[in-house]
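Spelled out, the chains give:
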Amino acid sequence: MIDIRLAREDPEAVKTALARRGIDPAEVEALLRADAESRRLVGERDEGRARVKELSRQVGEARKAGESDRAAGLSTESRALGESLAALDTQAEAAQGDVRERLLWLPNLPDDEAPEGAAPEDNVEVRRWPAEPRVYAGHQRVPHWEVGAALGILDMERGAKLSGSMFPLFRGTGARLLRALTAFALDRHSDAFEEIRPPTIVRTETMVSTGHLPKFEEEAYHLERDDLWAIPTAEVPLTSMNRGEILDEADLPLRLTAATACFRREAGAAGRDTRGLLRVHEFDKVELFAYATRDQAPAVHADMVARVEALLQALDLEYRVLDLCTGDLGSSSARTFDLEVYAPGCDMWLEVSSVSWFRDYQARRANIRYRPEGGAPLFVDTLNGSALAWARIWAALVETYRRADGSLELPEVLAPYLGNRSVKPA
RNA sequence: GGAGGGAUGGCAGAGCGGACGAAUGCGAAGGUCUUGAAAACCUUUGGGACUCCGGUUCCCGUGGGUUCGAAUCCCACUCCCUCCGCCA
């Protein structure tokens, strides 16, 4: 969440920043009114409490001095005061809850550098690799769901039999390819990132910390019986790993990586991109994650983008980097670069990574701080990026690396993980 | 799933319902001493909110309750440990 103090001190700046992503300034005004009310009530209540405490202290003194009449009188007085405070206390609690609720629903302030815009069309393409657009042959113009079915490495029908549509089932070399990609990516980042294998089913509190709840409840799978949530990304457990802790500044930037399955209901996208692996309910992904100081964050962010690009280049897939405009930015993010890979078979740019800088928006929700040299604790900045989302990479690989005879010859870098780089038609 | 035990500051560990945000030890920071260091000694050493910057208030796993007053008593929940059962 954003810093309420910033909204108090410079309401116009906050309104302007949020307006860039389409938030009505009236929401900020409502927040500030709620905040003023909350502070007034809490102040009054605390004054009352101070008097009760003082009276209670005097009761003790009177008792000790053997003045039981005086003690009884003070006791009665204190009790009456305490009772009259109950309603005020309820109001103060409610007012504080109201402020917090409003803060939880408010998105992050976009970074000044984030391009202005209302919709995905306004995202700015900052880079493309290779610089010259590639030319693809006819045999590469076959969508991956056809290639996968023909080679017996993707079985969407059986996935649907087990779990419904948009739950892919990979088999044979198709399944092994996912395992290879995960090992490959994890190995490439072991120089700076500690590998984690977190739980993929988490508490409500864990989902709230990253901003996935309460706003995006519809997007997540919920296990009602145990009130647990299936994670939509490893960002969720990784962010909360140090929830409520104060980190040593010397440990920053603290970088983590994890390979997990990710679960998404895709409730808002029903009917869109439903073919093959374009949009699925469950997919594997390697995530890069970091806690950093504000000063370190830009470099960490740039490094993550560079690492993701290096993976794509190693896989030799054509891609572009988009600087997300204010209107398309994720709710918790201040600045995001999306990486989209070109899939020649379906002739689409597929988002395979989203590298975001959240400033202290998530840390504030999750209460993650660090202690600067000799100072009071500060919230950390959190950053993360996919490296990469394998279902769509799988699709792009299968289309890009299809040969004229219908077989597949996968990239050299995967050879150590894959055993056999080529897949022949059955 | 069943039976017990537990949760207090960076760590360890006290804490009779009344000056307890909390003894003591360790660790850490600063200082005295020293050529330097060690030792010794002294001082400091949790976090949040509000603030008229004097203070006020909240936090002893979490949430309720009892009481004039709760770290301390009661209830529920969560987590950890031990044992039993079950299990990949």
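Given the structure is predicted, the values throughout are model-derived calculations rather than measurements. (Residues numbered from 1 in each chain as written. Chains lettered and ligands numbered in written order. Predicted model: local features only at pLDDT ≥ 70, side-chain atom pairs only at ≥ 80, totals over all residues. Heavy atoms only, no water.)

## A closer look at the sheet that holds strand S4 (residues 222-223)
Next up, step 1: Strands sit in the order S3-S5-S4 across an open sheet of three strands; the sheet is antiparallel. The strands lining the two open edges of the sheet, one partner per strand, are strand S3 (201-203) and S4.
Next up, step 2: Judged from the two bridges that link them, S4 and strand S5 (residues 228-230) form a sheet pairing that is antiparallel. From the neighbouring strand, His 222 faces S5, where its bridge partner is Trp 229. (Pairing = 2+ DSSP bridges. Helix = DSSP H or I, 4+ residues; strand = E, 2+ residues; numbered from the N terminus.)

## Examining helix H7 (residues 173-188)
Next up, step 1: A rise of 1.5 Å per residue sets the reference length of H7, with its 16 residues, at 22 Å; its end C-alpha atoms lie 22 Å apart and thus fit the reference within 8%.
Next up, step 2: For H7, the set of buried residues is Gly 174, Leu 177, Leu 178, Ala 180, Leu 181, Thr 182, Phe 184, Ala 185 and Leu 186. (Expected span 1.5 Å × (residues − 1). Buried < 20%, exposed > 50% of the residue type's maximum accessible area, 1.4 Å probe, protein only.)

## Comments concerning the protein's contact with RNA strand B
Next up, step 1: Near RNA strand B you find 21 residues, and of these Arg 8, Ser 56, Arg 57, Glu 61 and Ser 78 are the closest.
Next up, step 2: In the interface set of RNA strand B, defined as its atoms within 4 Å of the protein, sugar plus phosphate atoms amount to 74%.
Next up, step 3: Interatomic distance of 3.1 Å between a side-chain N/O atom of Ser 75 and a sugar or linking oxygen of RNA strand B.
Next up, step 4: In the environment of RNA strand B, a sugar or linking oxygen lies 3.4 Å from a nitrogen or oxygen atom belonging to the side chain of Arg 203.
Next up, step 5: Of all the elements in the fold, those that place two or more residues in the surface near RNA strand B are helix H1 (4-9), helix H3 (25-64), helix H4 (68-105) and strand S12 (369-371).
Next up, step 6: At 12 residues, H3 tops the list of elements feeding residues into the surface near RNA strand B.
Next up, step 7: Looking at the surface near RNA strand B residue by residue, the class counts come to three nonpolar, four polar and 14 charged. (Near = heavy atom within 4 Å. Polar contact = N/O pair within 3.5 Å; in protein donor to acceptor, adjacent residues only side chain to side chain. Nonpolar A, V, L, I, M, F, W, Y, C, P; charged D, E, K, R; others polar.)

## Thoughts on helix H10 (residues 297-314)
Next up, step 1: Taking 1.5 Å of rise per residue, 18 residues should cover 26 Å, and H10 covers 26 Å from first to last C-alpha, within 8% of that figure.
Next up, step 2: All buried positions along H10 are accounted for by Ala 297, Val 300, His 301, Met 304, Val 305, Arg 307, Val 308, Glu 309, Leu 311, Leu 312 and Ala 314.
Next up, step 3: Looking one or two residues past H10, Asp 316 carries a phi angle of roughly 55°, positive in sign.

## Overview of the side chain of Thr 182
Next up, step 1: Looking at the secondary structure, you find Thr 182 in helix H7.
Next up, step 2: A distance of 3.2 Å separates a polar atom in the side chain of Thr 182 from a polar atom in the side chain of Trp 390.
Next up, step 3: In contact with Thr 182, other than residues within four places in its own chain, are Ala 259, Val 286 and Trp 390. (Contact = heavy atoms within 4.5 Å.)

## Observations regarding unusual backbone geometry
Next up, step 1: In this chain, Trp 129 is followed by Pro 130 through a cis amide linkage whose omega measures -10°.
Next up, step 2: Here Pro 130 lies in the loop between strand S1 (124-129) and helix H5 (144-151).
Next up, step 3: Ala 387 connects to Leu 388 through a cis peptide bond whose omega is 10°.
Next up, step 4: Even without being glycine, Arg 359 reaches a positive phi, approximately 50°.
Next up, step 5: Mapped onto the fold, Arg 359 is located in the loop between strand S11 (348-357) and helix H11 (361-366).
Next up, step 6: For Asn 367, which is not a glycine, the phi torsion comes out positive at approximately 55°.
Next up, step 7: Structurally, Asn 367 is set in the loop between H11 and S12.
Next up, step 8: The class for Asn 367 is partly exposed, based on a relative accessible area of 30%.

## Some details on the environment of Asp 316
Next up, step 1: Counting through the fold element by element, Asp 316 comes out in the loop between H10 and strand S9 (319-323).
Next up, step 2: Through-space distance from the C-alpha of Asp 316 to that of Asp 89 is 63 Å; in sequence the pair is 227 residues apart.
Next up, step 3: In contact with Asp 316, not counting residues within four places along its chain, are Trp 129, Arg 134 and Tyr 401.
Next up, step 4: At a separation of 2.6 Å, a polar atom in the side chain of Asp 316 contacts the side chain of Arg 134.

## Details of the domain arrangement of chain A
Next up, step 1: Considered domain by domain, chain A is made up of domain 1 (4-105) and domain 2 (120-423).
Next up, step 2: The C-alpha-based centres of domain 1 and domain 2 are spaced at 43 Å.
Next up, step 3: Buried surface at the junction of domain 1 and domain 2, both sides included, amounts to about 810 Å², of which 48% is carbon and sulfur.
Next up, step 4: Contact with domain 2 buries surface across domain 1, with Arg 21, Leu 104 and Trp 105 losing the most and accounting together for 72% of the total.
Next up, step 5: Linking domain 1 to domain 2 there are zero salt bridges.
Next up, step 6: Taken together, the links from domain 1 to domain 2 amount to six residue pairs in polar contact (both at pLDDT 80 or more).
Next up, step 7: In terms of residue class, the side of domain 1 that touches domain 2 is made up of two nonpolar, no polar and three charged. (Domains from an automatic or database assignment. Buried area = accessible area lost by both parts, 1.4 Å probe. Salt bridge = Lys/Arg side-chain N within 4 Å of Asp/Glu carboxyl O.)

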